[in-house]
Structures are given as structure tokens and as C-alpha cells.
Amino acid sequence: MKKNIILIGFMGIGKGTTARAYAKKYKCFNIDTDDLIESKTNKRVKEIFEEKGEKYFRKLEQDCANWIEGSVDKTFISCGGGFYNVKNLKKLGTVVLLDASYDWIYNRLSTAENSKSKLKKRPLFSEPKKAKKLYKEREEAYKKIADVIINVEDKDIKNIIREIHKLSYI
Ligand code: S3P
């Protein structure tokens, strides 16, 4: 079993922030699946959606998962919100879900300092109504695939990373 932490959850819940804080505190490597895809294609996620469509992006996510399976261990991996759907997710490491209500996530995103850019770079968040529908569609699937669920509502980042670290998988 690989010793990666695979951090999943809905867009805007704070996966990237959590991964960076964890890596800084516990001195491990961290990578992000959207960043890997952007560096491989030399395009932003938003551009990939616009130019090639969502289906193509999902294929890139699967390629990324295959590369992680073959090449990455002992790393904290934050994932795009749809990455939970890759076929080999459970082979990549311990799957940790960050969980919160849709309203909490929306509030976090819309009150962030750089809220405009945070919303703009996420094509599936361009219409809040659609995003809420997507949240509802995914809610159960996220919970079903997770090994561990961490509720992050009103929790300090220090406590969140400590909770993850208690798992001691890296
Ligand atoms: C997506 C989430 C995004 C990004 C892409 C699709 C999704 O990542 O991968 O826009 O399907 O939920 P974040 O969860 O980091 O926003």
C-alpha cells in the first residue's frame, strides 16, 4: 500500500491550502493534480475546459492518476474536485475527504480576499446553482470512497492538519 495522502473534496473547500500547510509543518513533499495537469499541458485548467472540453480534462486526470500510481510515494497529494472518479484512486494511497456543507464552501470562496480569481479559475463554479447541484450529486460518492472524513467547518487549519497527521500515513 502506498504511503501517499490523497486529499479529495469539493471545489473551494481548501484542499490546496491544507496540503501546503501540511507539507510545511510536517516537511513532506506535496503535489496537486491540477498543477500537474497544467504543467504537463502548459495550459490552465480553465483553458483546457474551454478548448477541449470536460471529457478531455477527465482523461488527463486519469493519466495523472496512472503516473502517481507508478511513480509517487510518501507524498501529500491534493486533488481536483472531480479526481475522486479516477479508476485507480484507492491504489494511490489513503483517501482523506475534506467535508463541509455547500453553503459553508460557497461562503469561504466568496468572502476570500482573491474571491474573484478563485471563482473565475473554476469553470464548474461559474454558476452557483449548477455548482450546488454538482455538490449534491457528488456528496455521497465522496463519502463512500473516502477512508477518512474530516469535517472542516469552522476548524482551524492547524487542527485540520494535526488530525490528518494523526493518521501517520506519510
Ligand atoms: C473540478 C475541480 C477543480 C478542477 C476542475 C474540475 C471538479 O479543482 O480540477 O475545475 O470537477 O470539481 P478544485 O477542486 O481544486 O477547484
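Residues numbered from 1 in each chain as written. Predicted model: local features only at pLDDT ≥ 70, side-chain atom pairs only at ≥ 80, totals over all residues. Heavy atoms only, no water.

## Description of the site of the ligand
Here is the rule we go by: We call a residue near a molecule or strand when any one of its heavy atoms sits within 4 Å of it. By the criterion applied in these results, polar contacts are pairs of N or O atoms within 3.5 Å in which, for protein atoms, one can donate a hydrogen and the other can accept it, and in which residues neighboring in sequence qualify only through two side-chain atoms. Where accessible areas are quoted, they stem from the Shrake-Rupley method and a 1.4 Å probe; at the residue level, only the protein chains shown are allowed to cover. Comment: elements are numbered from the N terminus, with helices defined as DSSP H or I runs of at least four residues and strands as E runs of at least two. Put simply, Ala, Val, Leu, Ile, Met, Phe, Trp, Tyr, Cys and Pro go in the nonpolar bin, Asp, Glu, Lys and Arg in the charged bin, and everything else, Gly too, in the polar bin.
The local shell around the ligand holds 14 residues, among which Lys15, Asp34, Arg58, Arg122 and Arg138 are the closest. Lys15 has a polar side-chain atom sitting 2.5 Å from an oxygen atom of the ligand. Contacts to the ligand include Arg138, whose side-chain N or O atom sits 2.7 Å from an oxygen atom. The fraction of the free accessible surface of the ligand (380 Å²) that becomes covered by protein chains is 95%. At the level of secondary structure, the elements contributing two or more residues to the shell around the ligand comprise α3 (45–52) and α4 (54–71). When the residues that make up the shell around the ligand are grouped by side-chain class, the tally is six nonpolar, three polar and five charged.

## Some thoughts on the pairing of strand β3 (residues 75–78)
The condition is simple: Residue burial is assigned from relative accessible area. The probe radius is 1.4 Å, only protein chains are included, and a residue is buried under 20% of its type maximum, exposed over 50%, and partly exposed in between. Note on pairing: DSSP must find at least two bridges between two strands before they are called paired.
Every second residue of β3 is oriented toward a common face, with Thr75 and Ile77 on one face and Phe76 and Ser78 on the other, all of them buried. In terms of strand pairing, strand β1 (residues 5–8) meets β3 through three bridges, oriented parallel. The partner of Leu7 across the bridge, within β3, is Ser78. Here strand β2 (residues 29–32) runs beside β3; their pairing, made up of four bridges, is parallel. Looking at the pairing, Asp32 lines up with Ser78 of β3.

## Topic: the nonpolar core
Here is the rule we go by: Within this scheme, the nonpolar core is defined by two criteria: the residues are buried Ala, Val, Leu, Ile, Met, Phe, Trp, Tyr or Cys, and they are joined through side-chain atoms within 4.5 Å. Contacts were defined at the residue level, with two residues in contact if any of their heavy atoms lie within 4.5 Å.
Core analysis: the biggest nonpolar cluster contains 49 residues, and Ile6, Ile8, Phe10, Phe76, Phe83, Ile150 and Ile164 have the highest contact counts within it. Apart from residues no more than four positions distant in its own chain, Ile8 is found in contact with Lys15, Cys79, Tyr84, Val95, Val96, Leu97, Leu98, Tyr142 and Ile145.

## Concerning the packing of α3 against α4
We apply this condition: Geometry is summarised by axes, namely lines fitted to C-alpha atoms with helices restricted to the contacting stretch, and by angles between N-to-C directions that run from 0 to 180 degrees. Angle categories are assigned with fixed cut-offs, so that under 35 degrees is roughly parallel, over 145 is roughly antiparallel, 65 to 115 is roughly perpendicular, and the rest are oblique.
α4 packs onto α3 with a crossing angle of 130 degrees between their chain directions and a minimal axis gap of 7 Å. With respect to α4, the axis of α3 lies oblique. The residues of α4 that touch α3, namely those facing Val45, Ile48, Phe49 and Lys52, are Glu54, Tyr56, Phe57, Arg58 and Leu60. Taken together, the residues that form the contact of α3 with α4 break down as six nonpolar, no polar and three charged.

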